[in-house]
Every structure is written in C-alpha cells, then in structure tokens.
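Listed here are the chains, written in short residue letters.
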Amino acid sequence: MTSQSKAMFVHFLTATGAVLAMLAMLAAADGAWSMMFLWLVIAFAVDGVDGPLARKYQVKTNAPRFDGVLLDLIIDYLTYVFIPAFALFKSGLLPGWTGWVVIIVITYASALYFCDGNMKTKDNSFHGFPGCWNMLAIVLFALHPNFWIILTLVVGLAIAMFLPLKFIHPVRTERWRTVSLPTAFAWVFFAGWAAWVDFHPQSWAHWGLVVTSCYLLLAGIAQQMIPARRS
C-alpha cells in the first residue's frame, strides 16, 4: 500500500464518524439513550485513533485534497456537542426553561470555541474546556443529579471554554501521558460498560466514569498549578 493510499484511508476512517453520528442521532430520536451513547463511545474511540494515524501517514502531504482538520471538527461538533445537547434537552433531566438554557449555552458557546484559533496550547493541550459535552452527558445520564447541578456544571464549563485554563489532550499532551492515556482508555471502557447495562444505578461503571472524568477534566489545571520538573 502506498503512502497516498494509507493517508486516504485515514480520511476514510475519520469520515466514519459522520455515520456514527447519524446512528447516534437516530437512536436519540427514539429515546434509546444507551444505544446513542454506545455509538458516541465508538465515535470517541475513532477520534482518538485517527489523529495519531494522520500524523504518522502525513495526510497533509500525502492526501492534501481533503482537509482532515476541518473534517474532524465537523464530526466533533456533531458527536461532542450537537447530539449530547439534544439528548440532555429531550431526556427529562432538565425541566422547563432549564433545558432551553442548557441546549442554547452548549451549542452557542461550542460554535465559537470550535473556530477559536487559540484552541491549542504549546504542549498540545486545549486552551479552555474543549467542548467535550458527550463526556459530561454520559456521566449525567449515569448519575441523574439534581437539575440545578446539571445547570451549574453546563454554565460553568461553558464559561471555562474561554478562560486561561488548560485541559489535557490524553494522547498529545506529553506531560503525565503515562497516566492520562490509560485513564482515557479506562474512560472509554467505563462509558461503554455504563451504556451497555443501560445505566443501571448499581453498576460499578458509574464510579469508574466519575473518577476518570474528574482526572481528565482537572489534570490540565493541576499541571498549571504544579511546575514541571526541568530535565
């Protein structure tokens, strides 16, 4: 297989995220939340794999016709933002006006963030909360907290998208990657497990989701507070 063929294969792999997004949306339209999240977890896994492959096979050089960054952003907006926002709105977790606030805040703030030219930091982390609403949504579906807690989390994280706070990329952020990468794999496992058992309240997957989500959410801020050791 030529370098050009390998690079095109990466584009094809990334594009499968659009199909996964449609399958998730169809499940959400039917109120099949567990199935929706299973499709989103698969899309999350694909998103974690295609980036390293794109860099390995140099898609910008070997398959320049398609803009992999733009393709990735389009799919990420669907799977990270649009579908989770729809699910929160239609799930019954947010009564009355709170559902409208959440869906407007998530989609509006994320649209601005996804076109932010300063989205990435020098160490390949994210500058501000990276709009991973799919990760928040699955935790909320698992725990069913009070709607005031949901509203506070959504508004707080939306504000955090534009604050000088760092959020790690578990694959690309080198610092603590030996912990971050396994934690990201564990998150995928627990998320898939929670959805597979239809968010059974006694499932241990819920605790795994909470622990791994807290690490992925707070690790970058901790790195800002703890100076890196000089080599």
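Structure shown above.
The model shown is predicted, which means the values in this text are computed figures rather than measured ones.

Caption draft 1: Structural view of the packing of aromatic side chains. What the rule picks out here adds up to 17 aromatic pairs. Ring plane angle 75 degrees and centroid distance 5.8 Å describe the contact between Phe129 and Phe167, whose orientation is recorded as edge-to-face. With Phe129 in the loop between strand 1 (126-127) and helix 6 (133-143) and Phe167 in strand 2 (residues 166-167), this pair connects stretches of sequence that are 38 residues apart. Note on accessibility: Phe129 and Phe167 belong to one class, buried.

Caption draft 2: Molecular detail of helix 5 (residues 97-113). The terminal C-alpha atoms of helix 5 lie 24 Å apart, and with 17 residues this matches the ideal 24 Å at 1.5 Å per residue to within 8%. Of the residues making up helix 5, those classed as buried are Thr98, Gly99, Val102, Ile103, Ile106, Ala109, Ser110 and Tyr113. The buried side chains of helix 5 occupy one side of the element, clustering within an arc of 160 degrees when seen end-on. Of the exposed residues in helix 5, those oriented more than 90 degrees away from the buried face are Trp97, Trp100 and Tyr108.

Caption draft 3: Representation of the nonpolar core. Met36, Phe37, Leu88, Trp133, Ile138 and Leu209 are the most contacted members of the largest nonpolar core, which totals 57 residues. Secondary-structure elements contributing two or more residues to this core are helix 1 (3-29), helix 2 (33-56), helix 4 (68-90), helix 5, helix 6, helix 7 (147-160), helix 8 (177-196) and helix 9 (205-225). If we ignore the near neighbours within four places in the chain, the residues touching Ile138 are Phe37, Val41, Trp187, Ala191, Phe199 and Leu209. Judged by nonpolar contacts, the second largest core, of 5 residues, contains Ala7, Val10, Ala54 and Val59.

Caption draft 4: Just the side chain of Thr14, in detail. Residue placement: Thr14 occurs in helix 1. With sequence-adjacent residues up to four places away left out, Thr14 is seen in contact with Asp50, Leu71, Asp72 and Ile75.

Caption draft 5: Focus on empty space enclosed by the protein. Within the structure shown, the criterion is met by 2 cavities of 30 Å³ or more. Reported here for the largest cavity is a volume of approximately 60 Å³. As for the largest cavity, its lining consists of Thr14, Gly17, Ala43, Val46, Asp47, Asp50, Asp72, Ile75, Asp76 and Thr79. Looking at the lining of the largest cavity, the elements with two or more residues in it are helix 1, helix 2 and helix 4.

What counts and how
Residues numbered from 1 in each chain as written. Predicted model: local features only at pLDDT ≥ 70, side-chain atom pairs only at ≥ 80, totals over all residues. Heavy atoms only, no water. Phe/Tyr/Trp six-rings, centres within 6.5 Å; stacked < 30°, edge-to-face > 60°. Helix = DSSP H or I, 4+ residues; strand = E, 2+ residues; numbered from the N terminus. Buried < 20%, exposed > 50% of the residue type's maximum accessible area, 1.4 Å probe, protein only. Expected span 1.5 Å × (residues − 1). Arc of directions from axis to C-beta. Core = buried A, V, L, I, M, F, W, Y, C linked by side-chain atoms within 4.5 Å. Contact = heavy atoms within 4.5 Å. 1 Å grid on protein atoms, 1.4 Å probe; cavity = no way out; pocket = protein on both sides within 12 Å on 5 of 7 lines; lining within 4 Å. Points joined across faces, edges and corners; volume = space filled by probe spheres on them.

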